[in-house]
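Per-entry structural report
Here are the chains, one letter per residue:
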Amino acid sequence: MVGPEFREKVIMRRFFVSPADINEQTATLTGSEAHHLINVLRLKAGGRITLFDGTGTTYEGMIASLEPEVTVDITTINPEDLSRPRLHLAQALIKTKKNELIVQKATELGVDSIVFFTSRYCATDEPSASKQERWQRIAMESCKQCNRPAPPEIRPVISFAECVRSANEHDLKIIFWEETADKNLGVLREKILAEKPEAVFYLIGPEGGLTDEEVALAKEHGFHSVTMGKQILRAETASIAAAAILQFLLGNMD
């Protein structure tokens, strides 16, 4: 039997609120969020909802009014716990819909930042600014679904060389590439358990694969080449599977 407190938490709706629209113990919902609350979900004054501001803080509150604007009385403030290891994804550009899938699932799996890069065998051109803005919207919508307090940072598209150079600040750098792998997941697990990295950067190539020269360049910048087994995975599958594996090894799924 499911108790009333559990049922209430399950059905509590989540909405994004800009930090600028939070004033002490009151929040104001505007635009599409207010429209969704009033016209789609048809919530009423007195209903309890959850808010997140995109910076890591979440709020629980009660709808105070719907007119002339949606206002919420904040009852609880929950800051994000930043003590966990951070996970960062570098993904070669692949077909448009698959890039969107990667953004959605990486958000759900708690990846902290995503950077798409171009490489020799990328099957698509660099996306327009509007497509990159769409990735950010997809990440925000995914936050609502998966109860995440802040979306990943989605960085501007860069070249492969720029990508591997940008990873120098991370404790552990991994490139998943079967043809030149010098470690398997068992070895990777032991390395993570021994070193306890605070920031991990992992790189996934395009559908056409990476060149030997690109992998060599990554290794020059301290990347470890790792295999996920004998199966040949699609780029989007590898990206999602690697995120889940690494989050588990880092203890972020405990």
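Computed from a prediction, not measured in an experiment: that's the story for all the values here. (Residues numbered from 1 in each chain as written. Predicted model: local features only at pLDDT ≥ 70, side-chain atom pairs only at ≥ 80, totals over all residues. Heavy atoms only, no water.)

**So, the confidence of the model for the protein chain**
The predicted structure's coordinates, where accompanied by low pLDDT, should not be read in detail. Filter applied, for reference: Each residue gets a pLDDT score, which is the predictor's confidence in that residue and runs from 0 to 100. We call two residues in contact when some of their heavy atoms are within 4.5 Å.
The predicted model of the protein chain averages 90 in pLDDT, with 94% of residues at 70 or higher. Under a pLDDT of 50 for its full length, residues 4–10 has, in the predicted model, two contacts with residues more than four places off or in other chains.

**A short note on the packing of helix H3 (residues 96–108) against helix H4 (residues 129–146)**
Short version of the rule: Between N-to-C directions, angles cover 0 to 180 degrees, with each direction set by a line fitted to C-alpha atoms, over the stretch in contact for helices. To qualify as a helix, a DSSP run of H or I must reach at least 4 residues; to qualify as a strand, a run of E must reach at least 2; elements of each kind are numbered from the N terminus. Crossing handedness: left-handed means the near helix sits turned counterclockwise from the far one by under a right angle, and right-handed means the same turn made clockwise.
One way to put it is that H3 packs onto H4 with a least axis distance of 8 Å and a crossing angle of 35°. Once H3 is placed against H4, the crossing between them reads as right-handed. Every residue of H4 that contacts H3 at Thr96, Lys97, Asn99, Glu100, Val103, Gln104, Thr107 and Glu108 is listed here: Lys131, Arg134, Trp135, Ile138, Ala139, Ser142, Cys143, Gln145 and Cys146.

**Considering the packing of aromatic side chains**
Note the cut-off: Two aromatic rings, drawn from Phe, Tyr or Trp (for Trp, its six-membered ring), form a pair once their centres lie within 6.5 Å of each other, and the interplanar angle then sorts them: stacked below 30 degrees, edge-to-face above 60, tilted otherwise. Exposure categories follow from relative accessible area, calculated using a 1.4 Å probe and restricted to protein chains: below 20% of the type maximum is buried, above 50% is exposed, and the middle band is partly exposed.
Following the criterion strictly, the structure yields five aromatic pairs and no others. Here Phe116 and Trp135 contribute two aromatic rings whose centre-to-centre distance is 4.3 Å and whose plane-to-plane angle is 35°, an arrangement assigned as tilted. Taken together, the residues Phe116 in strand E8 (residues 113–118) and Trp135 in helix H4 connect sequence positions 19 residues apart. With relative accessibility at 0%, the residue Phe116 sits in the buried group.

**Regarding the nonpolar core**
To keep it simple, the criterion reads: Here, nonpolar core refers to any group of buried Ala, Val, Leu, Ile, Met, Phe, Trp, Tyr and Cys residues whose side-chain atoms link them within 4.5 Å.
Within the largest apolar cluster, 49 residues are counted, with the highest numbers of intra-cluster contacts made by Ile174, Phe176, Leu188, Tyr202 and Leu203. Counting 14 residues, the second largest nonpolar core, distinct from the first, contains Ala34, Leu37, Leu51 and Ile63.

**Observations concerning the pattern of salt bridges**
The condition that has to hold: The term salt bridge refers to a side-chain nitrogen of Lys or Arg lying within 4 Å of a carboxyl oxygen of Asp or Glu.
Counted under the stated rule, the structure contains 13 salt bridges. Residue Glu60 pairs with Arg48 through a salt bridge whose shortest N-O separation is 3.3 Å. Of this pair, Glu60 sits in strand E5 (residues 58–65) while Arg48 sits in strand E4 (residues 48–52), and the two are 12 residues apart along the sequence. For Glu153, the salt bridge goes to Arg155, with nearest N and O atoms at 3.5 Å. Exposure remark for Arg155: the relative accessible area of 21% places this residue in the partly exposed category. One network of salt bridges, in which partners are shared, links Glu33, Glu141 and Lys144.

**Observations concerning the state of the cysteines**
What makes a disulfide is a covalent bond joining the sulfur atoms belonging to two cysteines. Put simply, the test is: Two cysteine sulfur atoms make up a disulfide if the distance between them is within 2.5 Å.
Evaluated as defined, the whole model comprises zero disulfides. In this model Cys146 remains outside any disulfide bridge; the closest cysteine sulfur is found in Cys143, 5.6 Å from its own.

**As for helix H7 (residues 212–220)**
Convention followed: Here, the arc refers to the directions that run from the helix axis to the C-beta atoms.
All buried positions along H7 are accounted for by Glu214, Val215 and Ala218. An end-on view of H7 places all buried positions within 100° of arc, on one side of the element. Exposed side chains of H7 directed beyond 90 degrees from the buried face belong to Glu213 and Glu220. Tucked inside the fold, the buried residues of H7 contact helix H5 (160–166) and strand E10 (172–176). Gly222 occupies a position one or two residues after H7 and carries a positive phi of about 90°.

**With respect to the sheet that holds strand E2 (residues 22–23)**
For clarity, the threshold we go by: Should DSSP find at least two bridges between two strands, the strands are regarded as paired.
Read from one edge of the open sheet, six strands run E1-E4-E5-E6-E3-E2, paired in mixed fashion. Because the sheet does not close on itself, it has two edges, and the strands there are strand E1 (13–16) and E2. When E2 meets strand E3 (residues 26–29), the two strands line up antiparallel, connected through two bridges. Following the sheet pairing, Ile22 is matched in E3 by Ala27. Of the strands in this sheet, E1, E3, E4, E5 and strand E6 (70–78) are in contact with helix H2 (residues 31–40), which crosses E1 at around 155°. Seen against the sheet, H4 touches E1 and E4 and runs at an angle of roughly 150° to E1.

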